[in-house]
Amino acid sequence: MSSKPKASEYAASESEKATASIALADKQYFKDKYLPKLTELRDRSSTENYQGVARGRAQADTMQALTNRPSLAATRSVDASADRAAAAGSQLLQGSLQGLAAQRGDQVNVLKQARGMAADATSGLSRAAKIATTKNLQFAQAKQNRRNANFAMGSKLAGGFIDKDKNSPGGLFGEGGYFSGG
Amino acid sequence: MGKEGILVVASLDMYDNSRRKEDRFSISNLPSVSNPQDTFANITRGDYEDYLKNFRSFEEQLIGMTNDTSLIDQAREDAPEQAKLSADIQRRNAERYGGAGLSNAQKQEQQRANQRGGALNLAGNVNNARVEQRSVNDALLKELISVGQGVNQNALSGLGDASAMSAQRQAAYKNAKSQHHSNMVGLGGAVIGAIFGI
């Protein structure tokens, strides 16, 4: 007959403990070092003036190109001023567009990263719940097995007791016993 | 202590300092995990809380930006400003050339052309800005929909897991109940059989 199982036989191995420790340390490191960077990028993508640089450069380039050599002909021209304003307006729009596109790109990137983390957290919780369910079911099954074994043992004992009692005089079921009707 | 002795002490100090620095990166500082299941559940729950705390409002803000009009608004402001800037340049250039020999009629025509140009630029730039704004907003919407699909899939998968686990537990409970019932019936049968010698 085998000996009673010991809890120590089911303890975590050294490699299992090391895996869990390293994972926890890495997780903590990520939280301390990388998560603040993501929140920093979140703030920067919301507050930084992305368009300012692009618009400033667009304005400067336009004016440098169109006003660096003033001429008498241009000064006398009727529509030069309106053309210059149109060019500057278009360039500024392009500057704004580039800035806004870059800002949205960064913002979407932050959201994707954050959502990726949230998805990992949700699937992690789901895995934790699965592990717990499996464990609980295994415990319940083990308990049920014990209960079944106890029942079987109880049935055997009861049968044996009644048999023995019936074959002996007196008692409950034996000759002249309580239930014999004698 | 001689010069060599001082050097030895200094180099030992440097060695100790570097060892202390290395200790920060030593594996002996690893945390111990007594209950991996609880740790896993706590960390993932914490991660989700972190997401809610740090990024939920940012996400809602970004979702609200699909109807952004900042480019159009900016273009509306830019057109008159650029018209004024350009008219000022024109005026300064004319002053540089001592009036550039422009008659009053020519000056008036320049002003009118500038005003017309300003109005045309305003309309043109705002129209272009509308097109560009639409493309930026659509691009954002596309990205958000893609993110949303991921969120939806993940949520459905989580719900599916929860439902499967619940069904598994209920089946196990029913199974245990029926086993208990059959045990009781078996016990009763055994007792009765033993009494009546069946």
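Preceding this paragraph is the structure being described.
Since we're looking at a predicted model, the values are computed, not measured.

## A closer look at the environment of B:Asn42
Looking at where B:Asn42 falls in the secondary structure, it is placed in helix H2 (residues 36-63). Between the alpha carbons of B:Asn42 and B:Asn54 there is a distance of 18 Å; along the sequence they are twelve residues apart.

## Details of the nonpolar core
Judged by nonpolar contacts, the single largest core of 22 residues is most densely connected at B:Leu71, B:Ala75 and B:Ala129. Breaking this core down by element, the ones donating at least two residues are helix H2 (50-67) and helix H4 (80-166) of chain A together with helix H3 (70-96) and helix H4 (104-196) of chain B. No other element matches the eight residues that H4(A) contributes to this core. For B:Leu71, the contacting residues outside a window of four places in its chain are A:Ser96, A:Leu97, A:Leu100, B:Ala129, B:Glu132, B:Gln133 and B:Val136.

## Let's talk about the interface of chain A and chain B
Taken residue by residue, the interface counts 68 residues in chain A and 75 residues in chain B. At the level of secondary structure, the elements contributing two or more residues to the side of chain A that touches chain B comprise helix H1 (14-47), helix H3 (72-76) and H4 of chain A. The biggest single contributor to the side of chain A that touches chain B is H4(A), with 49 residues. Taken together, the residues of the side of chain A that touches chain B sort by class into 36 nonpolar, 20 polar and twelve charged.

## What about the environment of B:Asn121?
The topology assignment puts B:Asn121 in helix H4. Once the C-alpha coordinates of B:Asn121 and B:Ala75 are considered, the two residues, 46 residues apart in sequence, prove to be 9.5 Å apart. In this structure B:Asn121 touches A:Ala85, A:Ala86, A:Gly89, B:Ala79, B:Gln82 and B:Ala83, once residues within four positions along its chain are discounted.

## Section: the packing of H1(A) against H2(B)
The N-to-C vectors of H1(A) and H2(B) enclose an angle of 5 degrees; their axes lie 11 Å apart at closest approach. The angle between H1(A) and H2(B) places the two elements in the roughly parallel class. On H2(B), the residues that touch A:Ala20, A:Leu24, A:Lys27, A:Leu35, A:Thr39, A:Arg42 and A:Ser46 of H1(A) are B:Pro36, B:Thr39, B:Ile43, B:Asp50, B:Asn54, B:Phe55 and B:Phe58. Looking at side-chain class alone, the contact of H1(A) with H2(B) contains seven nonpolar, four polar and three charged residues.

## Things to note about the packing of H2(A) against H4(A)
Residues and elements named next belong to chain A. Running from N to C, H2 and H4 cross one another at 155 degrees; their axes reach a closest spacing of 8 Å. Relative to H4, H2 is oriented roughly antiparallel. Seen along the crossing, H2 lies across H4 with a hand that is right-handed. Looking at the contact of H2 with H4 residue by residue, the class counts come to nine nonpolar, ten polar and four charged.

About the criteria used
Residues numbered from 1 in each chain as written. Chains lettered and ligands numbered in written order. Predicted model: local features only at pLDDT ≥ 70, side-chain atom pairs only at ≥ 80, totals over all residues. Helix = DSSP H or I, 4+ residues; strand = E, 2+ residues; numbered from the N terminus. Core = buried A, V, L, I, M, F, W, Y, C linked by C-beta atoms within 7 Å. Buried ≥ 20, exposed ≤ 12 C-beta atoms within 10 Å, placed from the backbone. Contact = placed C-beta atoms within 7 Å. Nonpolar A, V, L, I, M, F, W, Y, C, P; charged D, E, K, R; others polar. Axes fitted to C-alpha atoms, helices over the stretch in contact; angles between N-to-C directions. Parallel < 35°, antiparallel > 145°, perpendicular 65-115°, else oblique. Left-handed = near helix turned anticlockwise from the far one by under 90°.

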